[in-house]
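Architecture at a glance
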Amino acid sequence: NFCAWVQGSIILLEPVLMATRMMLAERVLLPLTFAIPLWQTFLLLWAVIICEKILRVILLLAAKWVLIGRYKEAKHDIYSLFYLRHWLVERIAEGTIIGTATPPGTSVAHHFLRNLVLRALGADVALTSMIFTRVVAFDLVSVGHLATVNGLKHLTAVNYGEGKMVLKSISVGQGAFVGANAVLEPGCSVAAAAHVEALSMVPAGSKVSSRVSGVPAQVVNCDAGVANPRSIPLDADVRQFCRNAALMASTYWLMVVPQALMPFIIIIMIFQLEAKLEYPEDSEKELERFDSLPEGVLRFLPQLPLWSFAFTVLILALQLLLTVLICRLLPRVKPPCSYLLTSIRGQMVSLKMRWANQASNLLRDASIVPVFMRMCGARFGRGVAIAEEVVLPDTLVVGNGCFIASRNILTSATVDQGHFRVPCVTNLGDHSFVGNDNCLPAGLPEGSFCGLNTSLPKRPQQTNLGYFGTPAMIFKRPSKDGPQEATSLPAFCWFHFSTSVIDIFILRGLKGMVLSASFVMSRYSFPATTNTSVLGVLFMVMLIYLIMNVTSWLVFSVIFGRLLYNETTPTSSAYHSTTVTRWFTSIMLQKHIFTSPFRTVGSCWHANHFRLRGARIGKRFFCVHDIALIDAPFISIGDDVIVDYDADIRCHSFEDRQLKFSPVKIGNGARIMAAAKVARSDVGEGAVLRPSSVTWKGSNLEANRVYQGAPAGEACAFKP
């Protein structure tokens, strides 16, 4: 249909635009840097980056107001003309300051400018609000002064759980707090000074006026069901915060310096290497064409891929070292404490948290993470395995033999009503097991088990218990996982080398080599343009970058990634086995390094993206989450299935330090709503899993039933 053709054309056009951007950088900007002094080169790069950011915002504003106008409460068919216009606006937004969720510790200046852009797009957001997540359907979203909406789940006024594109308004009042990974279903409201705890879900039609928790959210710890009016920020505080934030935003251009610094260092490196090369004196004659490079640089081209590899590794190592220095040199955080976000101390704590979490996302599942976190100030015991987490190193204590999967919140640090608050230390006792996406601000006692999407605002007292869901279901832990040694010394050594060297440094260095190889091929094939073939040469250069980008993705991500991890992978393997290292490497290749140049999310072509990773998907699959299928080779999906924002389907778990896979089947017409998780469970035909709900391992969802909760339980029969 028309929508499919337009979406397909845009998806194919985007890699071409990226290749054109690379061509302009190589053929225009790079030669220009050799013709001007170094300080002017730095200013040029700086100006180009700032101008690009501004132009992207201008394009987004034009697209939104021309294609959409104002978002209004309504229902539209999926793949209708209105949906297509919305999809185009969302694609353009991805490259702007509002296009992604902001990590913990993001500066006040960044938030202030994001809010300015959101207001220009029609959102009713206060300039003093702190929105750490992405906003969708701007005109229907309202956030009051000094309110905090944490990520990473979308703040969206759109949902697709009813089989249509449904738009309803969302409002968050002044001074309200929405915890990490909480979901506000379109059509709900959060009153001034109300508090929604982490991992909770506020259903459509609800109005939260106190402290709530759970899936769906229920009132907890309140008097008379209303918020305390004294907790609403004073107007004087709002005005003072706004003035300070505006002043800090005026210096936002300084934050672009690191982005300009990396290409600047590359240019300096080329200058220095060129100066050391010996080449004939007549090669220093004046450059004949606008895209010509000095002869010494051209003679340096054969070495460029190797230097790019080394430089990429060096920059990564320096970034990790700088993170350690920031965490160690800045004042140590001693809970309980609270700092005004615009104060110097508040900014230092935010900076420390931001850099620590950036490093955690770089290292991911590397075995060196415990050592690195110790260097940053955290206290770790022996035999700990930990992935990327949200942490504040100064306040994290992890006992011996703990296993901690990815994307957990292991800090009590929050931003609330313009203050950075750290109420307590996060202490995980010995031999604790922590699954994915949990919120543990105070930690766990010894021998605890914490499953999936579990929120524990306070640290339990009793040891050796299990917790699952929000509010947490409590059960006796079946076994106590102690640290397991590798079956052999070679396997143990290979595990550390693979996760900490190959996945972190070598693969990223390989990515740098691929990019530099494109440059080398371009310059060897077309050293410079001629008077009669300027456009032809520029087109061929663009084609080289396009082919190299697509080819590297096909070779490393699709082919090699599938060879490492596919449906023949053993369903149970020890933690230090090569099965686990192959799985880690395939994830790095497919999702973080050699990512697809074709962004198909939200389109009717998205199923093909997952099929390339091994999933079996039927007709008319609709999904607005780019990494919804965590373990694609083990997933089978029927016809007419809908997967909403932030929802995912996973087939693995680490039990007793064993990586275990279970095939998952999703029946025809099933609907996985916003932020819901299907974990090692089958979903029957026509079944609906409500927002933020989580299935318990092996608890299959029956056909034509609605399930809700964490863990999910049957709510009612499905009514079409």
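That block above? That's the structure.
For the structure given in this document, a descriptive report is provided here. If you're wondering where the values come from, they're calculated on a predicted model, not measured in any experiment. (Residues numbered from 1 in each chain as written. Predicted model: local features only at pLDDT ≥ 70, side-chain atom pairs only at ≥ 80, totals over all residues. Heavy atoms only, no water.)

Broken down by element type, the protein chain carries 14 helices and 47 strands. By the compact-globule yardstick of 27 Å for 720 residues, the protein chain fits well, its C-alpha radius of gyration being 26 Å. For the protein chain, the spread of C-alpha atoms along the principal axes amounts to about 85 × 65 × 55 Å. For the protein chain, with 720 residues in total, the buried portion stands at 57%. Here the protein chain displays about 29700 Å² of accessible surface, and carbon together with sulfur accounts for 63% of that area. Where the 65 positive side-chain charges of the protein chain centre and where its 49 negative ones centre are 5 Å apart. (Helix = DSSP H or I, 4+ residues; strand = E, 2+ residues; numbered from the N terminus. Rg over C-alpha atoms; globule rule 2.2 N^0.38 Å. Buried < 20%, exposed > 50% of the residue type's maximum accessible area, 1.4 Å probe, protein only. Areas by Shrake-Rupley, 256 points an atom, 1.4 Å probe, with all protein chains shown as cover. Lys, Arg positive; Asp, Glu negative; His and termini not counted. Charge placed at Lys NZ, Arg CZ, Asp CG, Glu CD.)

Bringing the packing of helix H12 (residues 534–564) against helix H13 (residues 578–593) into the picture now. Packing of H12 against H13 leaves a shortest axis separation of 9 Å and a crossing angle of 165 degrees. In terms of axis orientation, H12 runs roughly antiparallel to H13. In the packing of H12 onto H13, the handedness of the crossing is left-handed. Facing H12, whose interface residues are Phe556, Ser557, Phe560, Gly561, Arg562 and Leu564, H13 presents Arg582, Thr585, Ser586, Leu589 and Gln590. When grouped by side-chain class, the residues that make up the contact of H12 with H13 number four nonpolar, five polar and two charged. (Axes fitted to C-alpha atoms, helices over the stretch in contact; angles between N-to-C directions. Parallel < 35°, antiparallel > 145°, perpendicular 65-115°, else oblique. Left-handed = near helix turned anticlockwise from the far one by under 90°. Contact = heavy atoms within 4.5 Å. Nonpolar A, V, L, I, M, F, W, Y, C, P; charged D, E, K, R; others polar.)

Bringing a nonpolar patch on the surface into the picture now. A cluster of nonpolar side chains, Leu314, Leu318, Leu321, Leu322, Leu325 and Leu329, forms an exposed patch at the surface whose accessible area comes to about 570 Å². Structurally, Leu329 is set in helix H8 (residues 304–329). By relative accessible area, which is 69% here, Leu329 ends up exposed. (Patch = residues over 30% accessible without salt bridge, like charges linked within 9 Å, V, L, I, M, F, W, Y side chains within 5 Å. Salt bridge = Lys/Arg side-chain N within 4 Å of Asp/Glu carboxyl O.)

Here we take up H8. Its 26 residues give H8 an end-to-end C-alpha distance of 36 Å, which sits within 8% of 38 Å, the value for a rise of 1.5 Å per residue. Among all positions in H8, only Leu304, Pro305, Ser308, Phe311, Ile315, Leu316, Leu320, Thr323, Val324, Ile326 and Cys327 are buried. (Expected span 1.5 Å × (residues − 1).)

Within a pair of aromatic rings, the relevant descriptors are the distance that separates the centres and the angle that separates the planes. One pass over the structure, following the stated rule, counts 27 aromatic pairs. Aromatic pair Phe403 and Tyr575: ring centres 5.4 Å apart, planes at 80 degrees, arrangement edge-to-face. Of the two residues, Phe403 is situated in strand E24 (residues 403–404) and Tyr575 in the loop between strand E34 (572–574) and H13; the sequence distance between them amounts to 172 residues. Accessibility expressed as a relative area gives 10% for Tyr575, which makes it buried. Between Lys64 and the ring centre of Trp65, over which it is positioned, the NZ or CZ distance is 3.6 Å. (Phe/Tyr/Trp six-rings, centres within 6.5 Å; stacked < 30°, edge-to-face > 60°. Lys NZ or Arg CZ within 6 Å of the ring centre and 35° of its normal.)

Now for the sheet that holds strand E31 (residues 449–450). Strand order in this open sheet of six strands is E21-E24-E29-E31-E32-E33, and the pairing throughout is mixed. The two strands at the open ends of the sheet, each matched to only one other strand, are strand E21 (385–386) and strand E33 (473–476). (Pairing = 2+ DSSP bridges.)

What follows is about the environment of Thr569. As for its position among the elements, Thr569 is in the loop between H12 and E34. Judged by relative accessible area, which is 7%, Thr569 ranks as buried. Among the polar contacts listed, one links the side chain of Thr569 to the backbone oxygen of Asn566, at a separation of 2.8 Å. (Polar contact = N/O pair within 3.5 Å; in protein donor to acceptor, adjacent residues only side chain to side chain.)

What follows is about the pattern of salt bridges. What the rule picks out here adds up to 25 salt bridges. Ionic pairing is found between Arg21 and Glu52, a salt bridge with its closest N-O pair at 2.8 Å. With Arg21 in helix H1 (residues 2–33) and Glu52 in helix H2 (residues 38–68), the pair connects residues that are 31 residues apart, well separated along the chain. A relative accessible area of 24% means that Glu52 is categorised as partly exposed. In this structure, the salt-bridge partner of Lys64 is Asp139, at a minimum N-O distance of 2.6 Å. Taken together, the residues Lys64 in helix H2 and Asp139 in the loop between strand E4 (135–136) and strand E5 (141–143) connect sequence positions 75 residues apart. Comparing Lys64 with Asp139, the two get one shared label, buried. Here the salt bridges share partners, and the residues they tie into one network are Arg407, Asp437, Asp648, Arg650 and Lys677.

What follows is about H13. Within H13, twelve of the 16 residues are buried, which leaves it mostly tucked inside the rest of the structure. Where H13 is concerned, the buried positions are Thr579, Val580, Thr581, Trp583, Phe584, Thr585, Ser586, Ile587, Met588, Leu589, Gln590 and Ile593. The inward-facing, buried residues of H13 abut helix H11 (489–525), H12, E34, strand E40 (652–655) and strand E41 (658–661).

With that settled, consider the sheet that holds strand E17 (residues 211–213). Across a sheet, strands are paired by hydrogen bonds formed along the backbone, either parallel or antiparallel in direction. Spatially, six strands are ordered E3-E6-E11-E14-E17-E18 in an open sheet, and the strand pairing comes out mixed. Unpaired on one side and paired on the other, strand E3 (130–131) and strand E18 (218–219) mark the two borders of the sheet. Sheet analysis places strand E11 (residues 177–178) next to strand E14 (residues 195–196), joined by two bridges and oriented parallel. Note on E14: the bridge partner recorded for Val178 is Val196.

Along the chain, Arg650 falls in strand E39 (residues 648–650). Of the residues examined, Arg650 reaches a relative accessible area of 3% and is grouped as buried. Among the polar contacts listed, one links the side chain of Arg650 to the side chain of Asn436, at a separation of 3.3 Å.

What follows is about empty space enclosed by the protein. Inspection of the entire model under this criterion finds five cavities of 30 Å³ or more. Taken as a whole, the largest cavity spans an internal volume of roughly 100 Å³. Broken down by secondary-structure element, the contributors of at least two residues to the lining of the largest cavity are strand E8 (158–159) and strand E12 (183–184). A breakdown of the residues in the lining of the largest cavity according to their chemical character gives nine nonpolar, three polar and four charged. By volume, the second largest cavity amounts to about 70 Å³. Forming the walls of the second largest cavity are Arg562, Tyr565, Ser586, Ile587, Gln590, Lys591, Arg613, Leu629, Ile630, Asp631, Ala632 and Pro633. The leading source of residues in the lining of the second largest cavity is H13, at four residues. (1 Å grid on protein atoms, 1.4 Å probe; cavity = no way out; pocket = protein on both sides within 12 Å on 5 of 7 lines; lining within 4 Å. Points joined across faces, edges and corners; volume = space filled by probe spheres on them.)

Below, the discussion takes up the packing of H1 against helix H3 (residues 81–93). Interhelical geometry of H1 versus H3 gives an angle of 10 degrees and a closest axis separation of 10 Å. The angle between H1 and H3 falls in the class roughly parallel. The handedness of the crossing between H1 and H3 is right-handed. Touching Phe2, Cys3, Val6, Gln7, Ile10, Ile11 and Glu14 of H1 are Leu81, Tyr83, Leu84, Trp87, Leu88 and Arg91, all from H3.

Across the two faces of E41 the burial differs, with Leu659 and Phe661 buried and Gln658 and Lys660 not buried at all. Of the strand pairs in this sheet, E40 and E41 are connected by four bridges, and their pairing is antiparallel. Across the sheet, Phe654 pairs through a bridge with Leu659, a residue of E41.

Once that is clear, we can look at unusual backbone geometry. At the junction of Thr470 and Pro471, the peptide bond is cis and its omega measures out at -5 degrees in the coordinates. One can find Pro471 in the loop between strand E32 (465–468) and E33. One non-glycine residue, Leu146, adopts positive backbone phi at about 55 degrees. Phi at Arg407 takes a positive value of approximately 65 degrees, unusual for a residue other than glycine. In this structure, Arg407 sits in the loop between E24 and strand E25 (409–410). Given a relative accessible area of 34%, Arg407 falls into the partly exposed group.

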